[in-house]
2 protein chains.
Amino acid sequence: MASTAQPSSLCFSLKSSSSFKGSVSKSTFLPSNSIKLGSLSSHLGSGRIGLHVDRVKAAVRMSSTQAESPAAVSSNIKMESSSSGVLPTIVEVDLGNRSYPIYIGSGLLDQPDLLQRHVHGKSVLVVTNTTIAPLYLDKVVDALTRDNPKVKVETVILPDGEQYKNMETLMKVFDKAIESRLDRRTTFVALGGGVIGDMCGFAAAAFLRGVNFIQIPTTVMAQVDSSVGGKTGINHPLGKNLIGAFYQPQCVLIDTDTLSTLPDRELASGLAEVIKYGLIRDAEFFEWQEKNMNTLIARDPAAFAYAIKRSCENKAEVVSLDEKESGLRATLNLGHTFGHAIETGFGYGQWLHGEAVAVGMVMAVDLSRRLGWIDESLVGRVHSILKQAKLPTAPPESMTVEMFKSIMAVDKKVADGVLRLILLKGPLGNCVFTDEYDKEALDETLRAFCKS
Amino acid sequence: MASTAQPSSLCFSLKSSSSFKGSVSKSTFLPSNSIKLGSLSSHLGSGRIGLHVDRVKAAVRMSSTQAESPAAVSSNIKMESSSSGVLPTIVEVDLGNRSYPIYIGSGLLDQPDLLQRHVHGKSVLVVTNTTIAPLYLDKVVDALTRDNPKVKVETVILPDGEQYKNMETLMKVFDKAIESRLDRRTTFVALGGGVIGDMCGFAAAAFLRGVNFIQIPTTVMAQVDSSVGGKTGINHPLGKNLIGAFYQPQCVLIDTDTLSTLPDRELASGLAEVIKYGLIRDAEFFEWQEKNMNTLIARDPAAFAYAIKRSCENKAEVVSLDEKESGLRATLNLGHTFGHAIETGFGYGQWLHGEAVAVGMVMAVDLSRRLGWIDESLVGRVHSILKQAKLPTAPPESMTVEMFKSIMAVDKKVADGVLRLILLKGPLGNCVFTDEYDKEALDETLRAFCKS
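Values in this document were obtained by computation on a predicted structure and should not be read as measured data. (Residues numbered from 1 in each chain as written. Chains lettered and ligands numbered in written order. Predicted model: local features only at pLDDT ≥ 70, side-chain atom pairs only at ≥ 80, totals over all residues. Heavy atoms only, no water.)

Draft legend 1. Examining the overall build of chain A more closely. Check the secondary structure of chain A and you find 15 helices and 15 strands. Here chain A, with 452 residues, has 63% of them falling under the buried criterion. Look at the contacts in chain A between residues 6 or more apart in sequence, and 77% of them connect residues 24 or more apart. Accessible area for chain A stands at about 15,900 Å²; split by element, carbon and sulfur atoms hold 51% of it. (Helix = DSSP H or I, 4+ residues; strand = E, 2+ residues; numbered from the N terminus. Buried < 20%, exposed > 50% of the residue type's maximum accessible area, 1.4 Å probe, protein only. Contact = heavy atoms within 4.5 Å. Areas by Shrake-Rupley, 256 points an atom, 1.4 Å probe, with all protein chains shown as cover.)

Draft legend 2. How the structure looks around the pairing of strand 4 (residues 100-105) of chain A. Residue and element names in this part refer to chain A. Within strand 4, six of the six residues are buried, which leaves the element mostly enclosed by the surrounding structure. On strand 4, burial covers both faces: Y100, I102 and I104 on one face and P101, Y103 and G105 on the other are all buried. Between strand 3 (residues 89-93) and strand 4, which follow one another and run antiparallel, lie six residues, and G96 among them has a positive phi close to 60°. With four bridges connecting them, strand 4 and strand 11 (residues 251-255) associate as parallel partners. (Pairing = 2+ DSSP bridges.)

Draft legend 3. Geometry of the side chain of H236 of chain A. Examined against the element boundaries, H236 of chain A turns out to sit in strand 9 (residues 231-236). What makes H236 of chain A buried here is its relative accessible area of 3%. Those residues within four positions of H236 of chain A in sequence are excluded, and the remaining contacts are L242, I243 and Y348 of chain A together with M171, F174, D175 and I178 of chain B.

Draft legend 4. Highlighting the packing of aromatic side chains. One pass over the structure, following the stated rule, counts 12 aromatic pairs over all chains. Where F285 of chain B meets Y306 of chain B, the ring centres are 6.3 Å apart and the plane angle is 80°; that geometry is what we call edge-to-face. Taken together, the residues span a long stretch of sequence, with F285 of chain B in helix 9 (residues 283-297) and Y306 of chain B in helix 10 (residues 301-321) at a distance of 21 residues. The exposure classification of F285 of chain B matches that of Y306 of chain B, with both residues buried. The interplanar angle of 75° and the centroid separation of 6.1 Å between the aromatic rings of F346 of chain B and W351 of chain B together place this pair among those described as edge-to-face. The structure contains a cluster of three or more aromatic residues connected by ring pairs, namely F285, W288 and Y306 of chain A. The ring of Y437 of chain B is capped by K439 of chain B, whose NZ or CZ atom sits 4.2 Å from the centre of that ring. (Phe/Tyr/Trp six-rings, centres within 6.5 Å; stacked < 30°, edge-to-face > 60°. Lys NZ or Arg CZ within 6 Å of the ring centre and 35° of its normal.)

Draft legend 5. Structural detail: the environment of G239 of chain B. Residue and element names in this part refer to chain B. On the secondary structure map, G239 appears in strand 10 (residues 239-246). C-alpha of G239 to C-alpha of Y348: the two residues are 109 residues apart in sequence and 9.7 Å apart in space. Ignoring sequence-local partners within four residues, the contact set of G239 consists of T344 and Y348.

Draft legend 6. How the structure looks around the interface of chain A and chain B. Taken residue by residue, the interface counts 37 residues in chain A and 37 residues in chain B. Across the chain A to chain B interface the summed buried area is about 3,600 Å²; carbon plus sulfur atoms make up 59%. Summed over the three residues of chain A that lose the most area to chain B, namely R184, R209 and D416 of chain A, the buried surface amounts to 23% of that side. Linking chain A to chain B there are four salt bridges. R185 of chain B is paired through a salt bridge with D416 of chain A; the nearest N and O atoms lie 2.9 Å apart. Linking chain A with chain B are 18 residue pairs in polar contact (both at pLDDT 80 or more), by the criterion used here. Elements with a contribution of two residues or more to the side of chain A that touches chain B: helix 5 (167-179), helix 6 (194-206), strand 9, strand 10 (239-246) and strand 12 (414-415) of chain A. A per-class count over the side of chain A that touches chain B returns 18 nonpolar, seven polar and 12 charged. (Buried area = accessible area lost by both parts, 1.4 Å probe. Salt bridge = Lys/Arg side-chain N within 4 Å of Asp/Glu carboxyl O. Polar contact = N/O pair within 3.5 Å; in protein donor to acceptor, adjacent residues only side chain to side chain. Nonpolar A, V, L, I, M, F, W, Y, C, P; charged D, E, K, R; others polar.)

Draft legend 7. Examining the relation of the copies chain A and chain B more closely. Once turned by 180° and shifted 0.0 Å along the axis, chain A lies on chain B with an RMSD of 0.0 Å. This pairing of chains is accounted for by a two-fold axis. In terms of proximity to the rotation axis, the leading residue of chain A is M167 of chain A, whose C-alpha is 4.1 Å off the axis. Taken together, the interface assignments show that 100% of the residues at the interface of chain A recur at the interface of chain B, consistent with an identical surface on both copies. (Least-squares fit on C-alpha atoms with pLDDT ≥ 70 in both.)

Draft legend 8. Structural detail: the sheet that holds strand 4 (residues 100-105) of chain B. Residues and elements named next belong to chain B. The sheet built from seven strands is open, its strands ordered 3-4-11-8-7-5-6 with mixed pairing. If you trace the sheet from one side to the other, it starts and ends with strand 3 (89-93) and strand 6 (152-158), each paired once. With strand direction ignored, the average angle separating the axes of adjacent strands in the sheet is 20°. Packed onto the sheet, helix 5 (residues 167-179) meets strand 5 (123-129), strand 6 and strand 7 (187-192) and runs at close to 160° relative to strand 6. Along the sheet face, helix 6 (residues 194-206) touches strand 5, strand 6, strand 7 and strand 8 (212-217) and points at about 170° away from the line of strand 7. (Axes fitted to C-alpha atoms, helices over the stretch in contact; angles between N-to-C directions.)

Draft legend 9. Fine view of the side chain of N235 of chain B. Residues and elements named next belong to chain B. Positionally, N235 belongs in strand 9 (residues 231-236). At 2.9 Å, the side chain of N235 forms a polar contact with the backbone nitrogen of N241. If we skip the residues at most four places from it in the chain, N235 touches E162, K165, N166, K240, N241 and Y348.

Draft legend 10. Structural view of the sheet that holds strand 3 of chain A. Residue and element names in this part refer to chain A. Strand order in the open sheet made by the seven strands is 3-4-11-8-7-5-6, with mixed pairing throughout. The open sheet has two free edges, formed respectively by strand 3 and strand 6 (152-158), since each of these has just one partner strand. Across the sheet, the axes of successive neighbouring strands diverge by a mean angle of 20°, strand direction being ignored. Against the sheet, helix 4 (residues 133-145) makes contact with strand 5 (123-129), strand 6, strand 7 (187-192) and strand 8 (212-217), and its axis sits at roughly 165° relative to strand 5, the strand it touches most.

Draft legend 11. Layout of helix 12 (residues 353-370) of chain A. Residues and elements named next belong to chain A. For helix 12, spanning 18 residues, the distance from its first C-alpha to its last is 26 Å, which sits close to the expected 26 Å at 1.5 Å a residue. The buried fraction of helix 12 amounts to 16 of the 18 residues, a majority that puts the element mostly inside the structure. Just beyond helix 12, the residue with positive phi is G372, at close to 75°. (Expected span 1.5 Å × (residues − 1).)

Draft legend 12. Local environment of the pairing of strand 9 of chain B. All names here are of chain B. Counting buried residues along strand 9, six of its six residues qualify, which places the element largely inside the surrounding structure. Both strand 9 and strand 10 contribute to a ladder of five bridges, which runs antiparallel. Within the sheet, the bridge partner assigned to G233 lies in strand 10 and is G244. Between strand 9 and strand 10, which follow one another and run antiparallel, lie two residues.

Draft legend 13. Spatial organisation of the UniProt feature "domain: 3-dehydroquinate synthase C-terminal" (unreviewed entry) in chain A. Mapped onto the present numbering, the UniProt feature "domain: 3-dehydroquinate synthase C-terminal" (unreviewed entry) falls at residues 270-414 of chain A. Each end of residues 270-414 of chain A is marked by a C-alpha atom, and these two atoms are 26 Å apart; helix forms 68% of the span and strand 1%. (UniProt positions renumbered as here; feature names shortened; annotations may be inferred.)

Draft legend 14. Quick peek at the packing of helix 9 (residues 283-297) of chain A against helix 10 (residues 301-321) of chain A. All names here are of chain A. Where helix 9 contacts helix 10, the axes come no closer than 11 Å and their chain directions differ by 150°. Taken as axis vectors, helix 9 and helix 10 run roughly antiparallel relative to one another. When you trace helix 9 past helix 10, the crossing you get is left-handed. Note on element contacts: helix 10 touches helix 9 through A303, F304, Y306, A307, R310, S311 and N314, opposite E284, F285, W288, T295 and L296. A breakdown of the residues in the contact of helix 9 with helix 10 according to their chemical character gives seven nonpolar, three polar and two charged. (Parallel < 35°, antiparallel > 145°, perpendicular 65-115°, else oblique. Left-handed = near helix turned anticlockwise from the far one by under 90°.)

Written as structure tokens, this is what we have:
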């Protein structure tokens, strides 16, 4: 058993305080328990990890403008030529001159000005896939071109699935962009889930050494997590997301209506990331989820709007503090090291990302318990909420201890040969990012979840 | 004939003045005519191009520390554990927290501390090619590891030539890095010419979303131009350098001894870029070249050291003012739009980059003359100096007007459908980056240089 000392670990906690400037929604859906999003309270361990303290402690500005009244919103966002429609909730990602808004709401794809204000050149390339194109492509093209004849829209439709998130598929985006003679003033638009967002974003980062791009996420996974924060990239046969760029979009537009066409399994997959935010930094959000998971699974629009907004607020705050993942941002990867090993080992596209992350979180929680860092009861609560969300809690039977070990060895969080993990520590809502854990306990966890 | 008005053009000139802070070499080789590198005097046309004036007019700091005495250098650069050897000339590329030094000198690969101070993790991946590896790989590995047992060096040796600057070859770098389990703290080292530097830099930008890298250029082309300034990338079958990133190295180490093994044709190719600096912004440097080209062609070490230093100073100043090519930096591409068309149309690797650029400069000068923007005599001087440098002055016979036009249409300098060109205007050392030129004159130039 590891000692409680953590000389080279970072501890991040959310001690619900009241200095956070965001306002809380008074919209149609009000959570049953009063919620205040507390300020981030981060402190460093005394150890050796070279985290940039100034960056982590930097002040964070995050405007959460879910409307108390339409007037309150219009002070943040000009709607000069707004079509009819509900004003969006706006979460700001504060990154200096790379800051951008996340628009959240129902019917936003029917408000062309939201997209058009972020398109500056005369051409747009919409990158989408075979599943999403028949559902939303016409709508997006209309939103880009309505009363805006100067813009020409090109489209590239990729095959759907994690197994296509590779260099070969990425080249199809470059081929289309170059054949269409798009120039540096073009804007790429990612229309789809996490795979499309990651690939389109990386293509935008690399095409002509960088063009603008916009995220229109259509899955829960992309809306609550992957579309925000500028991580882009593709997989390598030996590991997930090993090739890519930090590259921020001009805006993220989340039309919650797109969830109506999302398969149940995809919906559940996204909830894994929602649950993650609660576990690593937002205990009250986790407790709200425990009470409302059935409502979410039933696709209650107001509950979903709230879960998306609160998830984006958490993500935006973390990204604003640590864009390039010097430390704090790594905590967003709770369960992902184990999860990526499942995705890579079991075959890209076999399991959805969130399904693998769900199991990864169970394994991280198991390891945290073996280390004596969390209360036994939390193990049961994590199992219970994942079950409610209809997510798996054990890896595929074909995964072996050796598969986990060899794939985790190329994880991006390995530093100078040592694997750093995100583990829970302390009361609900607290975690550490550390390489100081008992490696024997990790072996015990792997053996407990694998048959060989 | 176009009018002299230039409403949407930018004019950049070097009016030799004395406010520039760099000091001039008092080293072994002193140019026959006294040279002072003047301050950049840039002014904007009154037109529509959205250049960021503040960036172009930003103050530039560039320390040119070729030694007056060893003591003067050591105040800029610590040589705590220096091996014996000549202290390097240092040109600083001033980019805020992405600033870095260019070390220039003879025997620098025998000074391990120069490289080792810029390697922070425990692993290095040297990216080189089949031509350079037998010549310098052992020397570089020795420089990285001497008295430094904690660093492990991996190597990937790529095929040599512009025709291999593509995604397929790039993937070999990722494969090696991932198979070797390199992590985010690794450093990539580009050992070779421009192709290796561009590919290794882009690989470093994208591997795990960005790792450190170092440039060790071994050709004149790379030493005077491509290794400085952070432009990285690969070619697409339809155009040069269309996929890439702006990504700055930790340092550039130019050991002028590596030129001893450079073929004559490669040497001449690099001189095209040296001549370019004179034409676009440094008349005195051009005049020095006119007097000393035969000395350069004869590989006089002191002449070369001076030409490299002065080229790097010009490049560093431009890059410091306009890292992402909002305007000024584009002027470094004099002749490149025509040149890239030749490289793409004639087949990557058939002509060397500088050979194509030489012809491209002749064509740009021809167009400038047709527009009435330069004195007739400059046409002859450009022809003459290129001939002296043993560079071509006409495109391959197979190039047609249509080939030029279709390839130039995907050039990165096209904006909203209009091709912007770098053209000379005014006295020697002045140029413009503009889309406001008589398109009929461009057609005349193309017809003058093509048989069909």
